[in-house]
Amino acid sequence: MNRLLIVGTVAFDSIETPDTRVDKVLGGAATHISISASLFNINSAVISIVGGDFPTKYFEIFKRRNIDISSLKIEKNGKTFYWIGKYAKNMNQRDTLKTEVNVLENFDPVVPENFTSPNVLVLGNLDPRVQLKVMSQIIPPPKITILDTMNFWMDNAMENLKKIISKVDLICINDDEVKQLTGLNSLAEGARKILNMGPNYVIVKKGEYGSMLVDKLNTFECPAFPVKKVKDPTGAGDSFAGGLAGYLTTVNSSSFDDIKKAIMYGTSTASFSVEGFGINGIEKINYNDIINRVDFINKLL
Ligand code: AMP
């Protein structure tokens, strides 16, 4: 079976939407990515760190899905990464009220022995210093390395972020982050500027307006799945990356055509993610649910 290696935060999230508030639920980029990817027929592993405050029952969520967590470190005397986010009335805009990096600050990641040559590597959202350390342990290069990041790291670690961007094959980034990273207001121009920073492909995520894949020669636009009721957009970008990476791992490819298909899978997994709080939306679905929405999206193209 093909292998997918994921690094990213495993976190506590407190989330406030116009209707509801949840406190300290399981979240984090690696959590959303790995749970979405586990719906595909692959072997996967997560590299991350949590504190002594992390409940044991949460480890079972990963184990039940056969996600290898031998490199999910527990720092007994430390506190788990904690994020608080609040959504505006239209749910398209989100403010980060707090980011506590905690145990992530001094994290020294170690790649599990049987994952040093994965088919696909996802450098999910976390400190670019850690993303660089993981990438340096991977030999030979995977079929495709996918990077996700966010404004927090542009504000706090731009130098290392530019280094990692120069080394990856594909970057997933949302519309506001394209503007922040490039200083350009046009997404098409911004995406082209990012291609010049190193990656062969850029995927711009545009929330309910779908996503755009760009390489030096081609552009592909994918609509979002029309979800009836968005409960919580948290983790949509990560679930998108999980579906995308899950599909690319099964086909072991990095061609433009396969990334186009992978985007439909990512769009499908992201649509389930926003239908529940935290991981609830993605937790209860199976592979057939993903396929049904991929078929629907395909008909919209
Ligand atoms: P998304 O909605 O796809 O942007 O992902 C939100 C998830 O990312 C939440 O579960 C958070 O725990 C996690 N997160 C928030 N801020 C950061 C950050 N600066 N670095 C890594 N993960 C983060």
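Up top is the structure these notes are about.
The rules behind the values
Residues numbered from 1 in each chain as written. Predicted model: local features only at pLDDT ≥ 70, side-chain atom pairs only at ≥ 80, totals over all residues. Heavy atoms only, no water. Helix = DSSP H or I, 4+ residues; strand = E, 2+ residues; numbered from the N terminus. Buried < 20%, exposed > 50% of the residue type's maximum accessible area, 1.4 Å probe, protein only. Contact = heavy atoms within 4.5 Å. Areas by Shrake-Rupley, 256 points an atom, 1.4 Å probe, with all protein chains shown as cover. Lys, Arg positive; Asp, Glu negative; His and termini not counted. Charge placed at Lys NZ, Arg CZ, Asp CG, Glu CD. Near = heavy atom within 4 Å. Polar contact = N/O pair within 3.5 Å; in protein donor to acceptor, adjacent residues only side chain to side chain. Nonpolar A, V, L, I, M, F, W, Y, C, P; charged D, E, K, R; others polar.

A.B. asks: Now, about the overall build of the protein chain: what can you tell me, with residues and values included?
C.D. replies: On a plain count of helices and strands, the protein chain comes out with eleven helices and 13 strands. Out of the 301 residues belonging to the protein chain, those deemed buried represent 57%. For the protein chain, the proportion of contacts with a sequence separation of at least 24, taken over those separated by at least 6, is 66%. When the accessible surface of the protein chain is split by element, carbon and sulfur atoms take 46% of a total near 13,000 Å². Counting 34 positive and 33 negative side-chain charges, the protein chain places the averaged centre of each group 1 Å from the other.

A.B. asks: Outline unusual backbone geometry, listing residues and values.
C.D. replies: Residue Pro140 is bonded to the preceding Ile139 through a cis peptide linkage, with omega at -10°. With respect to the helices and strands, Pro140 occurs in the loop between helix H3 (128–135) and strand S9 (144–148). Located in the positive-phi region is Lys24, a residue other than glycine, with phi close to 50°. Within the fold, Lys24 resides in strand S3 (residues 21–27). For Lys24, a relative accessible area of 39% puts it in the partly exposed group. Although it is not a glycine, Asn252 adopts a positive phi angle of roughly 50°. In this structure, Asn252 sits in the loop between helix H8 (236–251) and helix H9 (256–273). With a relative accessible area of 29%, Asn252 lands in the partly exposed category.

A.B. asks: Describe the site of the ligand, and please don't skip the residues or the numbers.
C.D. replies: In the neighbourhood of the ligand, 20 residues make up the surrounding shell, with Asp13, Gly28, Arg94, Gly235 and Asp238 lying closest. Side-chain polar atom of Arg94 to an oxygen atom of the ligand: 2.8 Å apart, as the coordinates give it. Across the complex, the protein chains shield 94% of the 500 Å² of accessible surface that the ligand would expose by itself. When contributions to the shell around the ligand are tallied by element, the ones reaching two or more residues are strand S2 (11–16), strand S6 (81–87), helix H4 (151–156) and H8. The element best represented in the shell around the ligand is H8, accounting for three residues. In terms of residue class, the shell around the ligand is built from nine nonpolar, eight polar and three charged.

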